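One-letter residues, chain by chain:
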Amino acid sequence: MLIRKGAEASLFLEEWQGQRIILKRRLPKEYRHPQIDGRIRNYRTLHESQLLHQAKAAGVPTPVIFLVDLHESIIMMEFVEGKRLKEILPTLSPGKQKLLCKLVGRMIGCLHKNCLVHGDLTTSNMILTNDGKIVFLDFGLGEKTTALESRGVDLHLMKRAFESTHFRIAEKCFSAILKGYAEILGEEVTSRVIAKIEEIELRGRYISGRSEHEH
Amino acid sequence: MQGRKPEQVCLGIEATADDFGVGILDFEGKVLSNVVDAFVPESGGIHPREAARHHARVAGQVISTAIQQAKIQPEDIAIVAFSQGPGLGPCLRTGATAARALAAYIGVPLVGVNHCVAHIEIGKLATKAKDPVTLYVSGGNTLVSAFDAGRYRVFGETLDIAVGNCLDVFAREVGLRRDGVPFGAVVEKLGRKGRNFLNLPYSVKGMDLSFSGLLTAAITLYRTGKHDLEDLCYSLQETVFSMLAEVTERALAHVEKREVLLTGGVAANERLQEMLKAVADEHNSLFCGVPKEYALDNGAMIAWTGILKYRAGVTTPLVDSFVRLKWRLDDEDALWVTDKC
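Residues numbered from 1 in each chain as written. Chains lettered and ligands numbered in written order. Predicted model: local features only at pLDDT ≥ 70, side-chain atom pairs only at ≥ 80, totals over all residues. Heavy atoms only, no water.

On to the confidence of the model for chain A, then. Confidence along chain A averages 90 in pLDDT terms, with 94% of residues attaining 70 or more. Confidence drops under a pLDDT of 50 for residues 204–215 of chain A, and excluding neighbours within four residues, the segment shows 24 contacts in the predicted structure. (pLDDT = per-residue confidence, 0-100. Contact = heavy atoms within 4.5 Å.)

If you want it as structure tokens, here you go:
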């Protein structure tokens, strides 16, 4: 059953060996040359499954991968039971929100510390499981890098996701995330990343309140 | 001529790069004239100073011709609009100087226009698109944009050179000749005969694009002497257009708009049109290809955007009419875009 259709991949919820699983399939694009199409889908499927695996090694929960089919560009993975952070976060008490965001920050810190960036950090891509873990999903735009720029963009996207989806609690949540992040990467690296985020925002291409900074 | 009320027409001057264009429109959006004089270098690329000299030489004549063709008198002009940026400094300054002089002479307000905004606005006017995702591809710009929260936002753009520049430099480096048509058209024609696809770097980073490595790789392949130029042109086109189509598709899926607008010099390429149309179809959107006259740099787009801004209450006082070489598309509130969201 198709549950989401993105620009690049479609997600299907299926039954396999008596359990619910997710099939992430990168469908062929008719408009591009088959050789380009094949290469891209193959590379990205491989790349994403590797990143999912490396994230686990970095201490960040991600879905269990059951099967990778490079021919069909399919990743078959665990359907993670739990609630999306996007839905659960607004229902929690301020204290719990802070705690959870700090945990998210620590997880992002673990990724960055292990040379990974997620590339698409939103509260829709995080699931809170019943045993209190946060599972990170969708590494399709992820990268293996330690570049300050990439780390800055990663966190900036997280901040933006909060500002657009959870604007009332955005500031508190994001500062809790940075606290958790600093616990893993240390104050020095964190302050450099924060400076980078500010620089990215001033480039103006992502934000609406730019006019205040003009001239 | 007779009977035209003075507040009805705007003269726009476009001079961001190699083209010096003057367009005249009435406030209803009817194009009364649209004259372009292009600077064609004898060899190599566009030298900003040489292009500016060309503009200074032809400015008077192009303005006169535009006024004559529009069948108006200079006194009928209600506003003078000009491309204030982004672009090549010397060219921009030449156009701005002409605009300031003309506005002062007639005694009418000046309106500085963002060149990229103008491409989108004339595209909307020419194709009747209302709220599109725009792919603007030319020798100097490569970007994917859509209107959101008061501005034209940039969803993806090139991290290094523009796609048109990539095609031009490739054509020059492999010794192709223009023969009166743009290099892009030469590459397109050769590419149609290509049969064997050669792998080139495919460089999409998130929503952004990079063409410089790809260009070097294509030139290097050519220099090995092992490949047909037809195959190289074919592969180069397939690769860069796939990249553009992918980023456009991402933006379209993200913002969920119902139109895809293709504009800029590279928009003339039929293979690119075909791909973008397929992208639009897949997302139940309408493909809007801007006709060449308005897709290439032209004065009409500046005049039309000048009218839109003027009607929204924006004029540019002389002291603020300095040119803005790196004026970003998303650096301006699009006050005139109101009938949506």
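Moving on: the packing of aromatic side chains. All names here are of chain B. Applying the stated criterion across every chain yields a total of three aromatic pairs over all chains. Arg-178 extends its terminal NZ or CZ atom over the ring of Phe-183, reaching a point 5.6 Å from the ring centre. Residue placement shows Arg-324 over the ring face of Trp-327; its charged tip is 4.3 Å from the ring centre. (Phe/Tyr/Trp six-rings, centres within 6.5 Å; stacked < 30°, edge-to-face > 60°. Lys NZ or Arg CZ within 6 Å of the ring centre and 35° of its normal.)

This part covers the sheet that holds strand 3 (residues 31–38) of chain B. Residue and element names in this part refer to chain B. If you walk across this open sheet you meet the five strands as 3-2-1-4-5, and the pairing is mixed. Edge strands, defined here as strands with exactly one partner in the open sheet, are strand 3 and strand 5 (110–114). Taking the axes of each pair of neighbouring strands and ignoring which way they run, one obtains an average angle of 20° across the sheet. Direction of pairing for strand 1 (residues 9–14) relative to strand 4 (residues 77–85): parallel, over a ladder of five bridges. If you follow Cys-10 over to strand 4, its bridge partner there is Ile-79. (Pairing = 2+ DSSP bridges. Helix = DSSP H or I, 4+ residues; strand = E, 2+ residues; numbered from the N terminus. Axes fitted to C-alpha atoms, helices over the stretch in contact; angles between N-to-C directions.)

Residues and elements named next belong to chain A. One can describe the packing of helix 3 (residues 94–113) onto helix 4 (residues 148–165) by two numbers: an axis separation of 11 Å at closest approach and a directional angle of 160°. Regarding the angle of helix 3 to helix 4, the classification is roughly antiparallel. Like other packed secondary-structure pairs, helix 3 and helix 4 cross with a definite hand, here right-handed. In contact with Cys-101, Val-104, Ile-108, His-112 and Lys-113 of helix 3, helix 4 contributes Arg-151, Asp-154, Leu-155, Met-158 and Phe-162. Class assignment of the residues belonging to the contact of helix 3 with helix 4 gives a composition of six nonpolar, one polar and three charged. (Parallel < 35°, antiparallel > 145°, perpendicular 65-115°, else oblique. Left-handed = near helix turned anticlockwise from the far one by under 90°. Nonpolar A, V, L, I, M, F, W, Y, C, P; charged D, E, K, R; others polar.)

Among the nonpolar cores identified, the biggest contains 53 residues, and Phe170(B), Phe211(B), Leu236(B) and Leu244(B) are the most heavily contacted of them. The element best represented in this core is helix 7 (residues 229–255) of chain B, accounting for 13 residues. The next biggest cluster of nonpolar side chains, apart from the first, holds 44 residues, and it includes Ile22(A), Met158(A), Ala170(A) and Leu178(A). (Core = buried A, V, L, I, M, F, W, Y, C linked by side-chain atoms within 4.5 Å. Buried < 20%, exposed > 50% of the residue type's maximum accessible area, 1.4 Å probe, protein only.)

Residue and element names in this part refer to chain A. Per the domain assignment, the segments making up chain A are domain 1 (2–78) and domain 2 (83–214). Taking the mean C-alpha position of each, domain 1 and domain 2 sit 24 Å from one another. Domain 1 puts 15 residues into the contact, and the matching count from domain 2 is 16 residues. A per-residue breakdown of the area domain 1 buries against domain 2 is headed by Leu-51, Val-60 and Pro-61, which together make up 39% of the total. Here domain 1 is connected to domain 2 by one salt bridge. Between domain 1 and domain 2 we count four residue pairs in polar contact (both at pLDDT 80 or more) in total. Per-element accounting of the side of domain 1 that touches domain 2 gives the leading share, six residues, to helix 1 (residues 34–57). (Domains from an automatic or database assignment. Buried area = accessible area lost by both parts, 1.4 Å probe. Salt bridge = Lys/Arg side-chain N within 4 Å of Asp/Glu carboxyl O. Polar contact = N/O pair within 3.5 Å; in protein donor to acceptor, adjacent residues only side chain to side chain.)

Residues and elements named next belong to chain B. Going through the model one piece at a time under the given rule, you end up with 34 salt bridges over all chains. We note a salt bridge from Glu-173 to Arg-223, for which the minimum N-O separation is 2.7 Å. Here Glu-173 is found in helix 4 (residues 163–173), whereas its partner Arg-223 is found in helix 6 (residues 212–223), with 50 residues between them in sequence. Residues Asp-330 and Arg-328 are paired through a salt bridge, measuring 3.0 Å at the closest nitrogen-oxygen approach.

All names here are of chain B. With four bridges connecting them, strand 11 (residues 259–263) and strand 12 (residues 286–289) associate as parallel partners. Opposite Leu-262, over in strand 12, you have Gly-289 as the bridge partner. Each parallel crossover has a hand, and the one from strand 11 via helix 8 (residues 270–282) to strand 12 is right-handed. (Right-handed = clockwise from strand over helix to strand, strands pointing away.)

Take the interface of chain B and chain A next. Facing the 32 residues of chain B at the interface are 21 residues of chain A. Summed over both sides, the interface of chain B with chain A buries roughly 2200 Å², with 44% coming from carbon and sulfur. It is Phe197(B), Tyr202(B) and Arg250(B) that lose the most area in chain B upon contact with chain A, and together they represent 22% of the buried surface on that side. The interface formed by chain B and chain A holds five salt bridges in total. Remark: the boundary between chain B and chain A carries eight residue pairs in polar contact (both at pLDDT 80 or more).

Looking now at the sheet that holds strand 8 (residues 126–128) of chain A. Residue and element names in this part refer to chain A. The three strands are arranged 6-8-9 in an open sheet whose pairing can be described as antiparallel. A strand with exactly one partner marks an edge of an open sheet, and here the two such strands are strand 6 (83–84) and strand 9 (134–136). Summarising the sheet, strand 6 and strand 8 pair through two bridges and their orientation is antiparallel. Pairing of Lys-83 across the sheet is with Leu-128, part of strand 8. Helix 3 contacts strand 8 and strand 9 of the sheet and is inclined by roughly 40° relative to strand 9.

Structurally, Arg32(A) can be placed in the loop between strand 3 (19–25) and helix 1. Of the residues examined, Arg32(A) reaches a relative accessible area of 6% and is grouped as buried. Apart from residues lying up to four places away in sequence, Arg32(A) is in contact with Asp37(A), Ile40(A), Arg41(A), Tyr202(B), Ser242(B), Glu246(B) and Arg271(B).

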